[in-house]
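Chain by chain, the residues:
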Amino acid sequence: MRQSRVRKVSLVLFLVMVFSLFATSVYARQSDDPTVNVFRINRLYVLIKITFPTEISGNFAGTLAGKHFDCVTVPPSTLICIGPFRYGPEAATLTIYDQDTKENFFEKVIKSPPAPGTGDETPEPKPTEKPTEEPVLG
């Protein structure tokens, strides 16, 4: 009787583990879009970090607002690009292409990040000097 119960519990745990693997792979497939982060280096240049959900390899370069961007592949799935992108409210299309085949690899519309020292950066919240008191429940 006891062995039967242990087997049932083991089977249930095994099924839970198998289904959790399927759920994880479905979740990963839903987030197949690359993550793009844009950082301003100075008033004229930006650094763009693109993290892909899968491994990438190759010799890549890019264009943004008609200007050339140099890119470096950081294995296994990150691409770092540096180039000119002037400060302003307008957006532009970033196009990453394979330098060997000249085929477009990735495209995305991005906005220019704020220039350093212009006051357009979001201020960091200041810590409060006194901790807030929680109401007493009675």
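Residues numbered from 1 in each chain as written. Predicted model: local features only at pLDDT ≥ 70, side-chain atom pairs only at ≥ 80, totals over all residues. Heavy atoms only, no water.

Participant: An account of the side chain of Arg 40 is requested, with residue identities and associated values reported.
Facilitator: Inspection of the secondary structure assignment puts Arg 40 in strand E1 (residues 35–40). Using a relative accessible area of 13% as the deciding quantity, one classes Arg 40 as buried. A polar side-chain atom of Arg 40 sits 2.6 Å from a polar atom in the side chain of Ser 112. A polar contact is formed between the side chain of Arg 40 and the backbone oxygen of Pro 113, at a distance of 3.1 Å. (Helix = DSSP H or I, 4+ residues; strand = E, 2+ residues; numbered from the N terminus. Buried < 20%, exposed > 50% of the residue type's maximum accessible area, 1.4 Å probe, protein only. Polar contact = N/O pair within 3.5 Å; in protein donor to acceptor, adjacent residues only side chain to side chain.)

Participant: Give a description of the side chain of Ser 112 that names residues and reports values.
Facilitator: When you line up the elements, Ser 112 lands in the segment after strand E7 (104–111). A relative accessible area of 11% means that Ser 112 is categorised as buried. Non-local contacts of Ser 112, meaning those with residues more than four positions away in its chain, are made with Arg 40, Phe 85, Arg 86, Tyr 87, Gly 88 and Glu 90. (Contact = heavy atoms within 4.5 Å.)

Participant: Could you give me a rundown of the pattern of salt bridges, with the residues and numbers involved?
Facilitator: Under the defined criterion, the tally for this structure stands at 1 salt bridge. Across the pair Arg 86 and Glu 90 runs a salt bridge, and its minimum N-O distance is 3.4 Å. Owing to a relative accessible area of 34%, Glu 90 belongs among the partly exposed residues under this scheme. (Salt bridge = Lys/Arg side-chain N within 4 Å of Asp/Glu carboxyl O.)

Participant: Go over the environment of Phe 85, please, and point to the residues and values.
Facilitator: Following the sequence through the fold, Phe 85 ends up in the loop between strand E5 (78–84) and strand E6 (91–98). Along the sequence, Phe 85 and Gly 66 sit 19 residues apart, while their C-alpha atoms lie 9.6 Å from each other.

Participant: Mind laying out unusual backbone geometry, listing which residues take part and the relevant values?
Facilitator: With an omega of 5 degrees, the peptide bond between Pro 75 and Pro 76 qualifies as cis. Assignment of secondary structure puts Pro 76 in the loop between strand E4 (67–74) and E5. Positive phi outside glycine occurs at Ala 65, with the angle close to 55 degrees. Positionally, Ala 65 belongs in the loop between strand E3 (60–64) and E4. In the Ramachandran plot, Lys 102 falls in the positive-phi region, its phi being about 65 degrees despite a non-glycine side chain. Looking at where Lys 102 falls in the secondary structure, it is placed in the loop between E6 and E7. When its relative accessible area of 58% is taken as the criterion, Lys 102 is described as exposed.

Participant: How would you sum up the packing of aromatic side chains? Please name residues and give values.
Facilitator: For the coordinates displayed, the defined rule picks out 3 aromatic pairs. On the numbers, 4.6 Å between centres and 40 degrees between planes, the contact of Phe 60 with Phe 105 is tilted. Highlighted residues: Phe 60 in strand E3 and Phe 105 in strand E7, separated in sequence by 45 residues. For Phe 60, a relative accessible area of 3% translates into the label buried. Among the aromatic residues, those joined into a ring-pair cluster are Phe 52, Phe 60, Phe 105 and Phe 106. (Phe/Tyr/Trp six-rings, centres within 6.5 Å; stacked < 30°, edge-to-face > 60°.)

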